[in-house]
Amino acid sequence: MITMDLPEAKGTYVLIASVAQMKRLEIGRLGAYDIVPGFYAYVGSGFGAGGLRARLGHHLESTTSPHWHIDYLLGVAEPVEVWYTTANQKLEHHWAELLEKAPHFRVPIPRFGSSDYHRSRSSHLFHSKRRPSFRWFQQAIREQFDDIRAEQQLI
């Protein structure tokens, strides 16, 4: 069991996970995809009961019966860190746009984590060949949002 000292407050997060070797993965209704080696950044939010701790606790502990798209990926990926904020506003789409525009990230699976937005082709999953830098992310958040601070938790 993975334990993390995350707040029970509501917030937005980026879960970073590592994949060591290529895997073919069936992801719910999205279909089958090749998951190539590298690092994956998944943008999500925890605004339900238990906030960030409950949502991330679910992702990190229950890969046997996947509920969200990220649960499928975590069946083959090793979680390494979480970037998060306890800001009371939903920042998921803003953070996903930030990662989508970053030159070191690419979208590996369209609509991953965002298929409930039916008109959207965007994704909440991003791939990088190298481990993404929290300092880069922290600086980008600071430039885009005056009052938002991101924190890091290693897994």
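Above this text you will find the structure in question.
Residues numbered from 1 in each chain as written. Predicted model: local features only at pLDDT ≥ 70, side-chain atom pairs only at ≥ 80, totals over all residues. Heavy atoms only, no water.

Let's talk about empty space enclosed by the protein
The gaps left among the atoms become clear once a water-sized probe is rolled over them. Evaluation of the coordinates by the stated rule reveals one cavity of 30 Å³ or more. What the largest cavity holds in volume is close to 30 Å³. In terms of lining residues, the largest cavity is bounded by Q138, I141, R142, I148, R149 and A150. Considered class by class, the residues forming the lining of the largest cavity number three nonpolar, one polar and two charged. (1 Å grid on protein atoms, 1.4 Å probe; cavity = no way out; pocket = protein on both sides within 12 Å on 5 of 7 lines; lining within 4 Å. Points joined across faces, edges and corners; volume = space filled by probe spheres on them. Nonpolar A, V, L, I, M, F, W, Y, C, P; charged D, E, K, R; others polar.)

Considerations on the side chain of E81
Note that E81 resides in strand β5 (residues 78-85). Look at E81 and you get buried, because its relative accessible area is 2%. Looking at E81, its side chain comes within polar contact range of the side chain of W83, at 2.7 Å. (Helix = DSSP H or I, 4+ residues; strand = E, 2+ residues; numbered from the N terminus. Buried < 20%, exposed > 50% of the residue type's maximum accessible area, 1.4 Å probe, protein only. Polar contact = N/O pair within 3.5 Å; in protein donor to acceptor, adjacent residues only side chain to side chain.)

Side note on the packing of aromatic side chains
Any two aromatic rings considered together are summarised by their centre-to-centre distance and by the angle between their planes. Inspection of the entire model under this criterion finds eight aromatic pairs. Where Y13 meets Y42, the ring centres are 6.3 Å apart and the plane angle is 50°; that geometry is what we call tilted. Here the residue Y13 occupies a position in strand β1 (residues 11-19), and Y42 occupies one in strand β4 (residues 38-46), the gap between them amounting to 29 residues. As far as the burial class goes, Y13 and Y42 line up, both buried. Here the aromatic cluster, defined as three or more aromatic residues joined through ring pairs, consists of W83, W95, F105, F126, F134, W136 and F137. Above the plane of the ring of W68 lies R55, whose end atom (NZ or CZ) is 4.1 Å from the centre. (Phe/Tyr/Trp six-rings, centres within 6.5 Å; stacked < 30°, edge-to-face > 60°. Lys NZ or Arg CZ within 6 Å of the ring centre and 35° of its normal.)

So yeah, pure geometry; function would need other evidence.
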